[in-house]
Every structure is written in structure tokens, then in C-alpha cells.
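Report on the structure
Chain by chain, the residues:
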Amino acid sequence: MKKYLFLLLIGAAGLTACGDDDDPVVPELNKLTKVSCYKDGSSSPLFSADIYYTSEGKISSINMGTDKLLFIYSDGKFSVTGVNSGEVIEEYTLSGNVITSKKISQENPYASNEVYVSDEYSYRYSGSNWALTSWDARWPKEFGAGYEERSYPEYEKYTWENGNVVLYAQSQDNREMRYEYSVTEAPDNFPLRVIGSFSPTGFESVTPLNLLYGAQNRNLPIRAYTYEIPNQSEVKAEYKYTYTTVGDYITGMTIDEDNEGVESSYRYAFEYNFATK
């Protein structure tokens, strides 16, 4: 009897040890549901966006106040339609959960009721890192039928180091933009990323759509600056980032801008109220 009791105790100890080795279950962070941005201490927002999701966690709409954008999904694609206009503004193609291309449509001002694709962007990835954007531009001829077209196969380039985008460049511009990062890791639900802009203060830099462009930056940026090639030491515009956190969430961010001596400050507030099931 003592022998069997001893074996039972050993077994229980083994189970306890195995349980101690299991990784703790970390709950998924809530999704971003509101972004507000205030410039230079104003009490009225520069922009404010309310973000809504489907039960599966996909973006269903974004209300920017002046217009509401609806997201419609089908067959590996989704379109963005403006409620006020009722027209498809953008169409995205997905590979899994990664955006691989985007089309932008506009009305032809010289042809009644004619809508055309003005811009087509294709995104190339190195592994999961967004590395290159190609751009096909199209616009209607003012006199006569048809369209003009231009193609830029290497329109945008993103250079990665240690899991972060450290350099953004455009083939049609002699400017470049460099980013510096803190050691603080970015939360998975925080959609700030290096996007195609030399003025990274608009909603495009923090829209949750950014989470669909492959890997996110590993760390939080603390500084970005532009210069003109080949004068890399002459900073034209500089952006400094600071953050406010509550637990695992980034609830606030401030970007201080110095654009050739003209200083501005952008204060962002973030809310997360959609719990992933």
C-alpha cells in the first residue's frame, strides 16, 4: 500500500512540474476604436476617427465626421466606399491577411458619369517586411478622349534594420526620411507605422489598415527627420515622438514637428474598446 501511495505522490509532483513549464496564456489586446488628433493645443480636433469592426474583427467602417467609409469584403478583396458619395473610393487585394495592391478610382471631369482608376499601387514584400511600392498613375486628357499614363516600378522603398523601418525614400523625390527607435517594443494593436509620407502626422500613419501591410515595426519610433540628397547632414524637417501608456496600451502620443524652423505639436488620443473573441 505504501508503494502505491509513493507512486501516486511522484505522479502528482510530475504533473505539477509540467504545469509550471507551460507558457502563460496572454490575452489578445483590444482593437483600436478611436483616434483623435489635436494640433498646437487646440481643443477642437484636427481629425477624429471612430473605427468599427465586424464580429470577425475586420474593419467594417471608419467615421471621419465629414464622411463615413464603409468596408465591403469579398473573394480576397475589400473595397472602401464613401457613404456621402456612394462610390467605391479604393479597392484592396489581399494575400491572406496582407494587402498586396490598391486601386483608387475617381470621376472623369471631362466625361459624364465616367469613373476611372487613377492610381494603382502594388506592394512587394521581403519575407513579411514591406520593402517596395510600384505605382501606375492615370489621368484623363483635357482635350480629346483617352488617358495619359505613367509607371513608376520602384516608386517607394523601405529599408529595414533589426525589425524596424529605418529609411523611407521615393524615386520621384530627392528627399529621404530616416527613423530612430527606442528599446520599447510596440504593442501588437498599435498601428503606427512608416507610411508613404514625408509628413507623418495624418490619420494614414495610425489607421488600423496599417496592420494589414505585413510586419509591424518591432520598436516605437522616437525620432524621424528628412533631408535632401546628397546633403544628408542638413535636416529639413524633424519629428520627435513621446508616448503615454496605461498597462499594455498606448493611450496617447505626441509628435513635435520642426519643419525648417516652423514648429508644431500634434497630440493623439487612442481608445481601444473592441475585444477580440
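Located above this text is the structure these notes cover.
The text that follows walks through the structure, step by step, so that each part is easy to find. Source: prediction; values computed, not measured.

With that settled, consider the overall build of the protein. On a plain count of helices and strands, the protein comes out with 1 helix and 16 strands. Evaluated residue by residue, the protein yields a buried proportion of 35% over its 277 residues. Partitioning the intrachain contacts of the protein with sequence separation of at least 6 by distance along the chain shows that 39% fall at a separation of at least 24. Of the roughly 16,100 Å² of accessible surface on the protein, 50% is carried by carbon and sulfur atoms.

What follows is about the packing of aromatic side chains. All chains considered together, the criterion is met by 22 aromatic pairs. With 5.0 Å between their ring centres and 35° between their planes, Tyr-53 and Phe-274 make a pair best called tilted. In this pair, Tyr-53 is assigned in strand β2 (residues 47–53) and Phe-274 in strand β16 (residues 262–274), connecting sequence segments 221 residues apart. Here Tyr-53 and Phe-274 have matching classes, each one buried. In this structure an aromatic cluster arises from ring pairing among Phe-47, Phe-190, Phe-203, Tyr-243, Tyr-268 and Phe-270. Taking NZ or CZ as reference, Lys-58 lies 5.0 Å from the ring centre of Tyr-73, over its face. Taking the ring centre of Tyr-52 as reference, the NZ or CZ of Lys-68 above it sits at 5.8 Å.

Counting residues in each nonpolar core, the largest one holds 54 residues, and the members touching the most others are Val-35, Phe-190, Tyr-241, Met-253, Tyr-268 and Phe-270. Leaving out residues up to four positions away in the same chain, Phe-270 has contacts with Leu-32, Lys-34, Val-35, Phe-190, Val-206, Ile-250, Thr-251, Gly-252 and Met-253.

Looking along a regular strand, one sees the side chains alternate between the two faces of the sheet. Counting buried residues along strand β13 (residues 219–228), 7 of its 10 residues qualify, which places the element largely inside the surrounding structure. As paired strands, β13 and strand β14 (residues 237–246) are joined by 4 bridges and run antiparallel to one another. Each residue of the ladder has a partner; that of Arg-223, found in β14, is Lys-240.

Turning our eyes to something else, we now look at the side chain of Ser-79. Structurally, the position occupied by Ser-79 is in strand β5 (residues 77–82). Filtering out sequence-adjacent residues up to four positions away, Ser-79 remains in contact with Leu-70, Phe-71, Ile-72, Val-88, Glu-90 and Glu-91.

Let us now look at the pattern of salt bridges. The tally for this structure, following the rule as stated, stands at 9 salt bridges. Its salt-bridge partner being Lys-157, residue Glu-154 comes within 3.2 Å of it at the nearest N-O pair. Glu-154 sits in the partly exposed class, given a relative accessible area of 40%. For Lys-157, a relative accessible area of 42% gives the class partly exposed. We note a salt bridge from Asp-173 to Arg-175, for which the minimum N-O separation is 3.0 Å. On the basis of relative accessibility, which here comes to 22%, the residue Asp-173 falls in the partly exposed class.

Right, let's get into the side chain of Ser-264. Structurally, Ser-264 is set in strand β16. A relative accessible area of 12% places Ser-264 in the buried class.

A word on the pairing of β2. The alternating pattern of β2 places Phe-47, Ala-49, Ile-51 and Tyr-53 on a buried face and Ser-48, Asp-50 and Tyr-52 on a face that is not buried. Bridge count between strand β1 (residues 31–39) and β2: 4 bridges; the pairing is antiparallel. Residue pairing across strands places Lys-34 opposite Asp-50, the latter belonging to β2.

Criteria and thresholds
Residues numbered from 1 in each chain as written. Predicted model: local features only at pLDDT ≥ 70, side-chain atom pairs only at ≥ 80, totals over all residues. Heavy atoms only, no water. Helix = DSSP H or I, 4+ residues; strand = E, 2+ residues; numbered from the N terminus. Buried < 20%, exposed > 50% of the residue type's maximum accessible area, 1.4 Å probe, protein only. Contact = heavy atoms within 4.5 Å. Areas by Shrake-Rupley, 256 points an atom, 1.4 Å probe, with all protein chains shown as cover. Phe/Tyr/Trp six-rings, centres within 6.5 Å; stacked < 30°, edge-to-face > 60°. Lys NZ or Arg CZ within 6 Å of the ring centre and 35° of its normal. Core = buried A, V, L, I, M, F, W, Y, C linked by side-chain atoms within 4.5 Å. Pairing = 2+ DSSP bridges. Salt bridge = Lys/Arg side-chain N within 4 Å of Asp/Glu carboxyl O.

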